Amino acid sequence: MTMARNGFATATVSSLLLLFSVNCIMDTEAINIGVNYGTVANNLPPPTQVAKFLKENTLINHVKLFGIDHAIIQAFANTGIALTVAIPNDQIPSLRRLAIARQWIQINILPYVYTTKIIRILVGNEVLHTNDILLAANLIPAMQNLHAVLIGASLDHQIKVSTPHSLGILSISTPPSAGRFRRGYTTLVLKPLLSFLRATNAPFMINPYPYFGFTPNTLDFALFRPNKGVFDVNTHLTYTNMLDAQLDAIYSAMKRLGFTDVEIVIAETGWPSIGDPGQIGVSVANAAAYNGNLIRHVNSGIGTPLMPNQTFETYIFSLFNENLKLGPTAERNFGLFRPDFVPAYDIGILRSEARMPAPINPTPLAPINQVPTNMKQWCLPKANADPRALQENIDYACGQGLDCRPIQIGGACFLPNTIQAHAAYAMNAYYQSAGRHAYDCDFKQTGAISTVDPSYGSCIYNS
């Protein structure tokens with residue numbers, strides 16, 4: 001992650017507004033969850049413990065490194081977790097020599113590839129963002145040499161070569177349909193790069209961060225929450241969240257060059273849970289909302305307005321909080337977990353046996369009634385409930401693996417598109433699945449049991 005993207009992203013995407021419906025995890029067997037495993041810290045657990053924890057206690061099945069660490073690569077042996085490794089920017093010029101590329105593969109890949117599931121080599125990180133002409137000139141030759149060595153080792157079908165980019169490669173990103181690459185990069189780097197990716201069946205890697213592009217007025221849009229939305233006058237499509245807008249701006253830029261058939265992978269995205277005093281938008285609740293909704297959205301199969309019916313391989317930044325990172329407090333607090341493996345918040349990525357206790361349902365205040373009443377009952381939000389609390393209820397309920405598709409865009413219960421209406425569906429779904437006890441509808445005193453069926457039209461509430 002590069003702090004310098006802040007200015008660019010704010011300038012280019014902060015005006016995007018979108019409407020969102022909560023997209024909930026449907027089947028954990030079909031979910032792909034990737035994380036960036038950063039190591040800029042002096043308090044992290046040993047790699048063997050990390051690999052064991054991820055395999056046994058989480059749904060995470062893809063891990064991306066920011067460099068080459070043989071201990072980490074070896075730790076993931078026989079775990080089945082797909083590993084992406086990276087080459088630092090300063091090593092790119094030397095890889096222009098085929099002999100150096102061959103040596104790099106022999107040292108860093110061949111000893112591990114038959115036990116560790118290495119799927120990708122990333123050459124540098126946000127190279128074009130550095131504006132270093134030497135790096136940009138050597139990027140594609142380095143990638144070509146590494147791929148040639150992989151062919152010689154019969155590993156080119158198993159391991160792909162790519163490189164991740166910041167949104168700084170775009171000169172225009174709003175509206176999304178107008179997205180285009182910066183002119184100086186298009187002919188010399190991006191067009192030949194995309195040709196290489198197409199020829200080798202490798203993905204175009206992008207690091208979109210709504211966190212760096214939101215304003216106080218677009219926070220809900222960035223967090224995938226209900227909001228006014230934005231209309232693209234060129235395509236007549238309405239966007240429902242900032243991430244979709246960023247991805248479609250990249251897609252539009254690729255389309256202008258004739259490369260709509262190259263897969264897009266989200267190499268980095270995330271939201272910090274702790275920031276400096278008074279920092280707007282940074283909180284545990286917002287980090288949980290962004291990353292939880294992110295996972296549900298990219299795995300939903302809805303895709304984006306310009307790329308419908310797609311899922312996106314996505315890597316959340318980051319696995320751990322990293323206490324040695326420079327910059328504002330938020331830079332050290334993007335982690336999903338603390339170094340002791342305690343979740344910074346719950347977004348539903350722990351396996352059921354390792355799941356944290358429900359954070360918003362209190363201990364029962366009355367004796368538990370194990371036998372639900374025969375009278376049909378529904379759990380609905382109180383009329384005066386705080387919208388922020390209701391959004392937390394939605395995030396939590398849908399994060400438990402319940403089917404929240406009816407309140408996603410196009411679903412039977414999507415309209416009216418309000419937090420109150422979406423919370424009603426999600427809270428009731430949780431209440432019904434949890435056993436229909438009174439405390440299952442408490443939700444920090446924001447829920448109430450009703451005997452009046454809230455169903456309407458084709459929107460049917462469980463009972």
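Preceding this section is the structure that the text describes.
Please read all numbers here as calculations on a predicted model, not as lab measurements. (Residues numbered from 1 in each chain as written. Predicted model: local features only at pLDDT ≥ 70, side-chain atom pairs only at ≥ 80, totals over all residues. Heavy atoms only, no water.)

Enquirer: Help me understand the overall build of the chain, please; the structure alone is not making it clear to me.
Expert: Along the chain, the regular secondary structure elements total 11 helices and 15 strands. A buried classification covers 57% of the 463 residues belonging to the chain. Just so you have it, the chain exposes about 18,800 Å², and 54% of that area is on carbon and sulfur atoms. (Helix = DSSP H or I, 4+ residues; strand = E, 2+ residues; numbered from the N terminus. Buried < 20%, exposed > 50% of the residue type's maximum accessible area, 1.4 Å probe, protein only. Areas by Shrake-Rupley, 256 points an atom, 1.4 Å probe, with all protein chains shown as cover.)

Enquirer: How do you make sense of the pairing of strand S3 (residues 82–87) when you look at a structure like this?
Expert: For a regular strand, side-chain orientation follows a simple rule: the groups alternate between the two sheet faces. Burial runs high along S3: 6 of the 6 residues are buried. Of the two faces of S3, the one holding Ala82, Thr84 and Ala86 and the one holding Leu83, Val85 and Ile87 are both buried throughout. Both strand S2 (residues 62–65) and S3 contribute to a ladder of 3 bridges, which runs parallel. Along S3, the bridge assignment pairs histidine 62 with alanine 82. Considered for its hand, the β-α-β crossover made up of S2, helix H3 (residues 70–75) and S3 is right-handed. As defined by bridge partners, S3 adjoins strand S4 (residues 118–123) across 5 bridges and the pair is classed as parallel. Following the sheet pairing, alanine 86 is matched in S4 by leucine 122. In this fold, S3 hands off to helix H4 (residues 98–108), which returns the chain to S4; that crossover is right-handed. (Pairing = 2+ DSSP bridges. Right-handed = clockwise from strand over helix to strand, strands pointing away.)

Enquirer: I keep staring at the packing of aromatic side chains and nothing clicks. Help me out?
Expert: Aromatic ring pairs are defined here through the distance separating the ring centres and the angle between the ring planes. For the structure shown, the criterion picks out 20 aromatic pairs. Between phenylalanine 66 and phenylalanine 317, the aromatic rings sit 6.0 Å apart at their centres with planes inclined by 80°, giving edge-to-face as the arrangement. Taken as a pair, phenylalanine 66 in the loop between S2 and H3 and phenylalanine 317 in strand S13 (residues 314–317) lie far apart in primary sequence, 251 residues in all. Among the aromatic side chains, those forming a connected cluster through ring pairs are Phe66, Tyr209, Tyr211, Phe212, Phe214, Phe224, Trp271, Tyr290, Phe317 and Phe334. (Phe/Tyr/Trp six-rings, centres within 6.5 Å; stacked < 30°, edge-to-face > 60°.)

Enquirer: Looking at this structure, I do not really get the pattern of salt bridges. What am I missing?
Expert: Close approach of charged atoms allows side chains with opposite charge to pair. By the definition in use, this model includes 8 salt bridges. The shortest N-O distance in the salt bridge between aspartate 340 and arginine 338 comes to 2.8 Å. Under the relative-accessibility criterion, aspartate 340 is labelled partly exposed at 43%. Of the residues examined, arginine 338 reaches a relative accessible area of 40% and is grouped as partly exposed. Across the pair arginine 388 and aspartate 386 runs a salt bridge whose closest N-O atoms are separated by 3.0 Å. We classify aspartate 386 as partly exposed; its relative accessible area is 31%. (Salt bridge = Lys/Arg side-chain N within 4 Å of Asp/Glu carboxyl O.)

Enquirer: Even after reading the chapter, I still don't get the sheet that holds S2, so can you show me in this structure?
Expert: Consider a sheet: its strands pair through backbone hydrogen bonds, and that pairing is either parallel or antiparallel. Pairing in this open sheet of 9 strands is parallel, and the strands run S5-S4-S3-S2-S1-S13-S12-S9-S6 from one edge to the other. Looking at which strands have only one partner, the edges of the open sheet turn out to be strand S5 (160–162) and strand S6 (164–166). When strand polarity is set aside, the average angle formed by the axes of neighbouring strands in this sheet is 25°. Two elements, strand S1 (residues 34–37) and S13, share 3 bridges in a ladder whose sense is parallel. Across the sheet, valine 35 pairs through a bridge with isoleucine 316, a residue of S13. (Axes fitted to C-alpha atoms, helices over the stretch in contact; angles between N-to-C directions.)

Enquirer: What exactly am I supposed to notice about helix H6 (residues 183–200) here?
Expert: Counting along an α-helix, one turn takes 3.6 residues, and residues three or four places apart therefore face a common direction. Between its first and last C-alpha, H6 extends 25 Å over 18 residues, near the 26 Å set by a 1.5 Å rise per residue. Taking the largest bend as the criterion, H6 deviates by roughly 40°, centred on valine 189, and proline proline 192 comes between one and four positions later. Buried residues along H6 sit against helix H5 (133–152), S5, S6, strand S8 (180–181), strand S9 (204–207) and helix H8 (242–256). Downstream of H6 by one or two residues, asparagine 201 has phi in the positive range, about 60°. (Expected span 1.5 Å × (residues − 1). Bend = angle between axes of the 7 residues up to and from the residue. Contact = heavy atoms within 4.5 Å.)

Enquirer: Would you take a moment to explain the packing of H5 against H6 for this structure?
Expert: At a closest axis distance of 10 Å, the pairing of H5 and H6 adopts a crossing angle of 10°. As the angle between them shows, H5 and H6 are arranged roughly parallel. Remark: the crossing between H5 and H6 carries left-handed chirality. Between H5 and H6, the contacting residues are Ala136, Ile140, Met143, Gln144 and His147 on the first element and Val189, Pro192, Leu193, Phe196, Leu197 and Thr200 on the second. Its residues placed into classes, the contact of H5 with H6 shows 8 nonpolar, 3 polar and no charged. (Parallel < 35°, antiparallel > 145°, perpendicular 65-115°, else oblique. Left-handed = near helix turned anticlockwise from the far one by under 90°. Nonpolar A, V, L, I, M, F, W, Y, C, P; charged D, E, K, R; others polar.)

Enquirer: In this structure, what is going on with the pairing of S9? I would like to understand it.
Expert: Across the two faces of S9 the burial is the same, with Phe204 and Ile206 and Met205 and Asn207 all buried. Two elements, S6 and S9, share 3 bridges in a ladder whose sense is parallel. Each bridged residue has a counterpart across the sheet, and for histidine 165 the counterpart in S9 is isoleucine 206. When S9 meets strand S12 (residues 264–269), the two strands line up parallel, connected through 3 bridges.

Enquirer: Looking at this model, I keep getting lost on the side chain of asparagine 241. Mind explaining?
Expert: Tracing the chain through its elements places asparagine 241 in the loop between strand S11 (237–239) and H8. For asparagine 241, a relative accessible area of 0% puts it in the buried group. Engagement of the side chain of asparagine 241 in a polar contact is seen with the backbone nitrogen of leucine 243, the distance being 3.2 Å. Within the structure, the side chain of asparagine 241 is placed 3.5 Å from the side chain of histidine 297, a separation counted as a polar contact. (Polar contact = N/O pair within 3.5 Å; in protein donor to acceptor, adjacent residues only side chain to side chain.)

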